[in-house]
Amino acid sequence: MTKEAISFTYYIVSTPGKVFEAITKPDLARRYWGHENVSDWKPGSSWEHIRANDERSIELVGKVIEVSAPTRLVITWANASQASDPASYSRVTFEVEEYEAMVRLTVTHDELEAGSGMANGIKRGWPIVLSSLKSFLETGQAIDVFAKPRASERAA
């Protein structure tokens, strides 16, 4: 099984503390992600990615590997339906660093099975989530992370 890593870097006019809180505080994450990241954020603790709707379904699960607030967070990541399969877990590293009058946020999602549904979903999902985070922190307005591409209009 071949593993792959995917990395995204965004520059956000904010502070490391605000970016870190937006990732780890459920009431903030739900505003730009549509999900709450729930944990006590201590190494070895579990975390859950809970859909912020009436069903409150747990969609992703994992463990907290490393926390150095407000500059670094490392977690494992798996679909809740595959939680019992150790091979299904990947890893996400959030690196938050001051960069002039802004923050450079680098999210690296690694240990992904190359070509898997999870890897393909990650390639589409992280950019919209991180764009929404950036918009939310800079303007107070998130974007619709559940938006779908419009069907292309074809000439008849």
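For the structure, see preceding data.
Peer 1: In this structure, what is going on with the pattern of salt bridges? I would like to understand it.
Peer 2: Side chains that differ in charge, positive against negative, can pair when their charged atoms come close. Inspection of every chain in the model, using the stated rule, returns ten salt bridges. Measuring nitrogen to oxygen at the nearest pair gives 2.8 Å for the salt bridge that ties Arg72 to Glu66. Judged by its relative accessible area of 27%, Arg72 is partly exposed. For Glu66, a relative accessible area of 28% translates into the label partly exposed.

Peer 1: Hey, could you run me through helix H2 (residues 26–33) in this one?
Peer 2: Every α-helical turn comprises 3.6 residues, leaving residues that sit three or four positions apart pointing alike. Among the residues making up H2, those that are buried are Leu28, Ala29, Tyr32 and Trp33. Looking down the long axis of H2, one finds its buried residues gathered within 105° of arc, a one-sided arrangement. Those residues of H2 that are buried lie in contact with helix H1 (16–24), strand S2 (35–38), strand S3 (46–51), strand S5 (72–79) and helix H3 (117–139). In the segment just after H2, Gly34 is the residue with positive phi, at about 75°.

Peer 1: I would appreciate a short explanation of the packing of H2 against H3 in the present structure.
Peer 2: Helix packing for two helices is described by the angle between their axes and how far apart those axes are. Axis separation between H2 and H3 bottoms out at 8 Å; the angle between their running directions is 115°. Considering their axes alone, H2 and H3 lie roughly perpendicular with respect to each other. Crossing hand, H2 versus H3: right-handed. Along the contact surface, H2 presents Leu28, Arg31, Tyr32 and Trp33, while H3 presents Trp126, Val129, Ser132, Leu133 and Phe136.

Peer 1: Which parts of the structure should I look at to understand the environment of Ala101?
Peer 2: Structurally, the position occupied by Ala101 is in the loop between strand S6 (90–99) and strand S7 (102–113). For the pair Ala101 and Glu59, spaced 42 residues apart in the sequence, the C-alpha separation amounts to 35 Å.

Peer 1: Which parts of the structure should I look at to understand the sheet that holds strand S4 (residues 58–68)?
Peer 2: The pairing of strands in a sheet comes from backbone hydrogen bonds and takes either a parallel or an antiparallel form. An order of S1-S7-S6-S5-S4-S3-S2 is seen for the seven strands of this open sheet, with the pairing classed as antiparallel. Bordering the open sheet on either side are strand S1 (3–12) and S2, each of which pairs with just one other strand. Strand-to-strand twist of the sheet, defined as the mean angle between neighbouring strand axes without regard to direction, takes the value 20°. Taken together, the nine bridges between S6 and S7 define a ladder with antiparallel strand orientation. If you follow Glu98 over to S7, its bridge partner there is Val103.

Cut-offs applied
- Residues numbered from 1 in each chain as written.
- Predicted model: local features only at pLDDT ≥ 70, side-chain atom pairs only at ≥ 80, totals over all residues.
- Heavy atoms only, no water.
- Salt bridge = Lys/Arg side-chain N within 4 Å of Asp/Glu carboxyl O.
- Buried < 20%, exposed > 50% of the residue type's maximum accessible area, 1.4 Å probe, protein only.
- Helix = DSSP H or I, 4+ residues; strand = E, 2+ residues; numbered from the N terminus.
- Arc of directions from axis to C-beta.
- Contact = heavy atoms within 4.5 Å.
- Axes fitted to C-alpha atoms, helices over the stretch in contact; angles between N-to-C directions.
- Parallel < 35°, antiparallel > 145°, perpendicular 65-115°, else oblique.
- Left-handed = near helix turned anticlockwise from the far one by under 90°.
- Pairing = 2+ DSSP bridges.

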